[in-house]
Amino acid sequence: MYWLELSGEEDAFAAHEAASAAAGVELLAPGIARAGAAGPAVERLAYTRAAHEAIGRTEADVDAAVALLEAAGIDREGTVAVRARDVRGSSGVSTSDAERALGQVLVDRGFEVDLDAPDHTLRALFAAGRRPDHDAVAGADGEESSVAALGWVAREGRRDFAPKPTDRPFFQPGSMAPADARAYANLAGAAPGRRFLDPMCGTGGLAVEAGLVGAEAVGTDAQAKMVRGTRRNLREYVGGSDDPAWHVARGDATALPLRDDAVDGVAFDAPYGRQSKIATHDLADLVAGALAETARVAPQAVLVADRDWRSEARGAGWRVDATFERRVHRSLTRHVLTLTRE
Ligand SMILES: C[S@@+](CC[C@H](N)C(=O)[O-])C[C@H]1O[C@@H](n2cnc3c(N)ncnc32)[C@H](O)[C@@H]1O
């Protein structure tokens, strides 16, 4: 078993993303989830900071953590360091007290401490507070929690996202933050050996993150300017155009130039009514058409938009697995739907 340390402020969303790379994800406390298995794919997650091979867990209290470690079997050799974290300051536990006391347990058991280059790092995560309430996420039950999770650091997030949109060769207002683009690409199943599509690729934020996690990225956009711009960004961050790792073409998302089941997953950020000149009813037709086309070419999808397109998604043949409302700033909340073809 593994303990996942989640990042960001939205644990239900982070846990949902983590489930794209780890098995049996369940929220335990603010910023802490458990997983049955956590392979290398965990390192490419946007909102998981690290995965730890579990030693055990108890309530968020230093003495309880010390008792747990004293009783635990330790099948490791070499030098150690202890790193404690009071996740989001939620538990009020003194991390220096925790590090000192847990380190002493390891010293008493014959381990040598090396704070600079330890063979093994023991992490103690302390968190307390209410878990979020979300019906699509295991453990997100709105209940109070108090957890100290002790484990050996097994995998740390690489956080190898592309630079922020304004620092890229091609930028347009409305581009998505890199960690969010990474999370949506992951939720759409982007991974080595998988083909990913963004049918409204804009500046290519989603396609770039899909490419960075090793997927073959395909982008289309109705505007030639966006097609050129996405190519520039992909060339900069993913690789040369002679590399078959990505393809970008001008195309209409409601009539994609792709055969049935051409890709493994889709994610797209639909145009926002308030930004574009598209009238509301035309926007609904556009999104419904794009949803129908994406259901033809892929078995799973993520739709990001400034409003709830759930009924259009169902009408286009998708089952809605989960919905999230993610506040971007005062006047923009992104509605995220994760979809599986019926
Ligand atoms: C919200 S933006 C996408 C932003 C993108 N995620 C990014 O990070 O830059 C929506 C994009 O949809 C494109 N678009 C609008 N109607 C389209 C259509 N019928 N087919 C394909 N693309 C379309 C627009 O040109 C625009 O680039």
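Above this text you will find the structure in question.
Below, the structure is looked at part by part.

The rules behind these values
Residues numbered from 1 in each chain as written. Predicted model: local features only at pLDDT ≥ 70, side-chain atom pairs only at ≥ 80, totals over all residues. Heavy atoms only, no water. Helix = DSSP H or I, 4+ residues; strand = E, 2+ residues; numbered from the N terminus. Buried < 20%, exposed > 50% of the residue type's maximum accessible area, 1.4 Å probe, protein only. Pairing = 2+ DSSP bridges. Axes fitted to C-alpha atoms, helices over the stretch in contact; angles between N-to-C directions. Contact = heavy atoms within 4.5 Å. Near = heavy atom within 4 Å. Polar contact = N/O pair within 3.5 Å; in protein donor to acceptor, adjacent residues only side chain to side chain. Areas by Shrake-Rupley, 256 points an atom, 1.4 Å probe, with all protein chains shown as cover. Phe/Tyr/Trp six-rings, centres within 6.5 Å; stacked < 30°, edge-to-face > 60°.

## Side note on unusual backbone geometry
Line of reasoning, step 1. Positive phi, close to 45°, is recorded for Arg159, a residue that is not glycine.
Line of reasoning, step 2. Within the element layout of this structure, Arg159 appears in the loop between strand S9 (144-156) and helix H4 (178-187).
Line of reasoning, step 3. With relative accessibility at 48%, the residue Arg159 sits in the partly exposed group.

## Let's talk about the sheet that holds strand S4 (residues 32-35)
Line of reasoning, step 1. Strand order in the open sheet formed by 7 strands is S3-S4-S1-S6-S9-S8-S7, with mixed pairing between adjacent strands. At either margin of the open sheet sits one strand with a lone partner, and together these are strand S3 (26-29) and strand S7 (80-86). For this sheet the average axis-to-axis angle between neighbouring strands, irrespective of direction, equals 35°.
Line of reasoning, step 2. In the sheet, S3 pairs with S4 via 3 bridges, with the strands oriented antiparallel. Following the sheet pairing, Leu27 is matched in S4 by Ala33.
Line of reasoning, step 3. Contacts between helix H2 (residues 62-71) and the sheet are confined to strand S6 (48-58), strand S8 (120-130) and S9, with S6 contributing the most and set at about 75° to the helix.

## Looking at the site of the ligand
Line of reasoning, step 1. The environment of the ligand is made up of 19 residues, and the closest members are Thr203, Asp221, Gln223, Asp252 and Ala253.
Line of reasoning, step 2. For the ligand, an oxygen atom lies 3.3 Å from a polar atom in the backbone of Met176.
Line of reasoning, step 3. Note that an oxygen atom of the ligand is positioned 2.6 Å from one of the side-chain N or O atoms of Thr203.
Line of reasoning, step 4. Taking 610 Å² as the accessible area of the ligand by itself, protein coverage stands at 88%.

## Topic: the packing of aromatic side chains
Line of reasoning, step 1. Throughout the structure, instances matching the rule amount to 3 aromatic pairs.
Line of reasoning, step 2. Between Phe13 and Tyr47, the aromatic rings sit 6.0 Å apart at their centres with planes inclined by 70°, giving edge-to-face as the arrangement. Taken together, the residues span a long stretch of sequence, with Phe13 in helix H1 (residues 11-18) and Tyr47 in the loop between strand S5 (37-38) and S6 at a distance of 34 residues.
Line of reasoning, step 3. Residue classification places Tyr47 among the buried residues on the basis of a relative accessible area of 14%.
Line of reasoning, step 4. Arranged with centres 5.3 Å apart and planes meeting at 85°, the rings of Phe13 and Phe324 form a pair that is edge-to-face. Taken as a pair, Phe13 in helix H1 and Phe324 in strand S15 (residues 318-329) lie far apart in primary sequence, 311 residues in all. The burial state of Phe13 is the same as that of Phe324; both residues are buried.
Line of reasoning, step 5. Among the aromatic residues, those joined into a cluster by ring pairs are Phe13, Tyr47, Tyr184 and Phe324.

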